[in-house]
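# Understanding the architecture of this molecule
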Amino acid sequence: MAETLKVAMPKGRIYKKASALFRSAGLPVPLDVDETRKLVISLPEAGMEFILAKPVDVPTYVEYGVADIGIVGKDVLMEENKDVYELLDLGIARCRMSVIGLPDWKPGIHQRVATKYPNVASQYFREQGQQVEVVKLNGSIELAPLIGLADRIVDMVETGQTLKENGLVEMNSIFEITSRLIANRVSYRMKNDEIQTLCDRLQAVILSERANL
Ligand SMILES: Nc1ncnc2c1ncn2[C@@H]1O[C@H](COP(=O)(O)OP(=O)(O)OP(=O)(O)O)[C@@H](O)[C@H]1O
Ligand SMILES: O=P(O)(O)OC[C@H]1O[C@H](OP(=O)(O)OP(=O)(O)O)[C@H](O)[C@@H]1O
């Protein structure tokens, strides 16, 4: 008998897109996650169990093996650097990680950069040979240059609306972001049939959606 596959799904903006992809692939997903406070949802008839997690925690659950697979943004994978397999680019929740500042920004003697992604930002500026102080924030990052906490930020840009409304400009794009399917290393071996079947079904939908673009 096939083993239960434990799937860590991020709540929030990725969930809708990821669940639509699962449904198109003929895979079940819990409905109405916005309306429930339940965090573990079992679908025994499908041999699956869904863990509804905060997006940034998905790689941790998968690394520790309490979830066999998970869905997470490339931004989180780059920042968290967990020991997991990255199996598939789902092509959803597309945006980019960028360096952003006020239009009149000039490099000062002491440069400060605010971000939700301190590891990504530190590595980027190190590679650019720029010495900066990185300050970690947890949200509304665009506030930092407006009120003088930092002279630049590293944050995600999707439509560019947040930048526009706050008079900021995108200076450099660091990398493109989409959501990825990740797997625990041991689960990938022990539940290979189940994981591979799921991967193949998702891949087929992704390819057919791409062909219809
Ligand atoms: N415009 C966007 N801004 C932020 N994240 C985006 C955007 N577009 C796609 N994403 C993806 O969605 C993920 C963030 O989802 P969400 O905003 O629900 O989480 P969060 O802000 O980390 O969670 P929480 O609000 O619980 O702290 C990112 O990790 C990224 O991969
Ligand atoms: O280019 P846009 O389409 O405007 O999207 C980008 C904005 O969306 C994200 O913020 P989020 O909504 O996650 O809020 P928070 O990080 O401030 O909590 C991100 O941090 C940017 O602020």
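Residues numbered from 1 in each chain as written. Chains lettered and ligands numbered in written order. Predicted model: local features only at pLDDT ≥ 70, side-chain atom pairs only at ≥ 80, totals over all residues. Heavy atoms only, no water.

## A few points about the domain arrangement of the protein
- If you check the domain split of the protein, you get domain 1 (5-93 + 178-211) and domain 2 (95-176).
- Taking the mean C-alpha position of each, domain 1 and domain 2 sit 29 Å from one another.
- Of the roughly 690 Å² buried at the junction of domain 1 and domain 2 (both faces included), carbon and sulfur atoms supply 49%.
- On the domain 1 side of the interface with domain 2, the three residues burying the most area are D75, M78 and E79, jointly 69% of the side's total. (Domains from an automatic or database assignment. Buried area = accessible area lost by both parts, 1.4 Å probe.)

## Brief notes about the sheet that holds strand β9 (residues 152-157)
- Strands sit in the order β8-β7-β9-β6-β10 across an open sheet of five strands; the sheet is mixed. Among the strands making up the open sheet, the edge pair consists of β8 (132-136) and β10 (169-177). For this sheet, the mean angle separating the axes of adjacent strands, direction not counted, is 25°.
- The sheet contact formed by strand β7 (residues 111-115) and β8 spans five bridges and is parallel. Residue pairing across strands places A114 opposite V135, the latter belonging to β8. (Pairing = 2+ DSSP bridges. Helix = DSSP H or I, 4+ residues; strand = E, 2+ residues; numbered from the N terminus. Axes fitted to C-alpha atoms, helices over the stretch in contact; angles between N-to-C directions.)

## Comments concerning the site of ligand 2
- Ligand 2 sits among 13 residues. The nearest are S140, E142, E158, T159 and T162.
- K116 places a polar side-chain atom, nitrogen or oxygen, 3.4 Å from an oxygen atom of ligand 2.
- With respect to ligand 2, the side chain of T162 contributes an N or O atom lying 2.4 Å from an oxygen atom.
- With the chains in place, 74% of the 500 Å² that ligand 2 exposes on its own is no longer accessible.
- At a threshold of 2 Å from the grid points, most atoms of ligand 2 map onto the largest pocket. (Near = heavy atom within 4 Å. Polar contact = N/O pair within 3.5 Å; in protein donor to acceptor, adjacent residues only side chain to side chain. Areas by Shrake-Rupley, 256 points an atom, 1.4 Å probe, with all protein chains shown as cover. 1 Å grid on protein atoms, 1.4 Å probe; cavity = no way out; pocket = protein on both sides within 12 Å on 5 of 7 lines; lining within 4 Å. Sits in = over half its atoms within 2 Å of the grid points.)

## A look at helix α1 (residues 13-24)
- Where α1 is concerned, the buried positions are I14, Y15, A18, S19, L21 and F22. Take α1 and look down its axis: the buried residues cluster within an arc of 155°, on one side only. Away from its buried face by more than 90 degrees, α1 exposes R13 and K16.
- Here the buried face of α1 lies against β1 (5-10), β3 (48-53), β4 (69-73), β11 (179-183) and α8 (192-211). (Buried < 20%, exposed > 50% of the residue type's maximum accessible area, 1.4 Å probe, protein only. Arc of directions from axis to C-beta. Contact = heavy atoms within 4.5 Å.)

## As for the nonpolar core
- Ranked by internal contacts, the top residues of the largest apolar core, which has 31 residues, are M9, F22, L90, L181, L198 and L202.
- Those elements that provide at least two residues to this core are β1, α1, β2 (40-43), β3, β4, β11 and α8.
- Excluding residues that lie within four positions of it along the chain, L90 makes contacts with L21, I71, S179, R180, L181, L202 and I206.
- Grouped together as the second largest cluster of nonpolar side chains are twelve residues, C95, M97, A121 and F175 included. (Core = buried A, V, L, I, M, F, W, Y, C linked by side-chain atoms within 4.5 Å.)

## Re the layout of surface pockets
- Considered as a void within the structure, the largest pocket measures approximately 950 Å³ in volume.
- Together, 36 residues line the largest pocket, and R13, D75, K116, Y117 and M156 are the ones closest to its centre.
- At the level of secondary structure, the elements contributing two or more residues to the lining of the largest pocket comprise α1, α3 (74-80), β9 and α6 (161-165).
- Counting residues per element, the lining of the largest pocket draws most heavily on α3, which supplies four residues.
- Partitioning the lining of the largest pocket into residue classes produces 13 nonpolar, ten polar and 13 charged.
- Reported here for the second largest pocket is a volume of approximately 250 Å³.
- Forming the walls of the second largest pocket are 17 residues, and the residues nearest its centre are Y15, D32, V33, D34 and E35.
- Broken down by element, the lining of the second largest pocket gets its largest block of residues, four residues, from α1.
- Class assignment for the residues of the lining of the second largest pocket results in six nonpolar, three polar and eight charged. (Points joined across faces, edges and corners; volume = space filled by probe spheres on them. Nonpolar A, V, L, I, M, F, W, Y, C, P; charged D, E, K, R; others polar.)

## A word on a nonpolar patch on the surface
- Residues L143, L146, I147 and L149 make up a contiguous nonpolar surface patch of about 360 Å² in total accessible area.
- As for its placement among the helices and strands, L143 is situated in helix α5 (residues 143-147). (Patch = residues over 30% accessible without salt bridge, like charges linked within 9 Å, V, L, I, M, F, W, Y side chains within 5 Å. Salt bridge = Lys/Arg side-chain N within 4 Å of Asp/Glu carboxyl O.)

## As for the packing of α1 against α8
- Look at α1 against α8: their axes get within 9 Å of each other, and the N-to-C directions meet at 100°. On the basis of their axis angle, the class for α1 and α8 is roughly perpendicular. Note on element contacts: α8 touches α1 through L198, L202, V205, I206 and E209, opposite L21, F22 and S24.
- Here the contact of α1 with α8 is composed, by residue class, of six nonpolar, one polar and one charged. (Parallel < 35°, antiparallel > 145°, perpendicular 65-115°, else oblique.)

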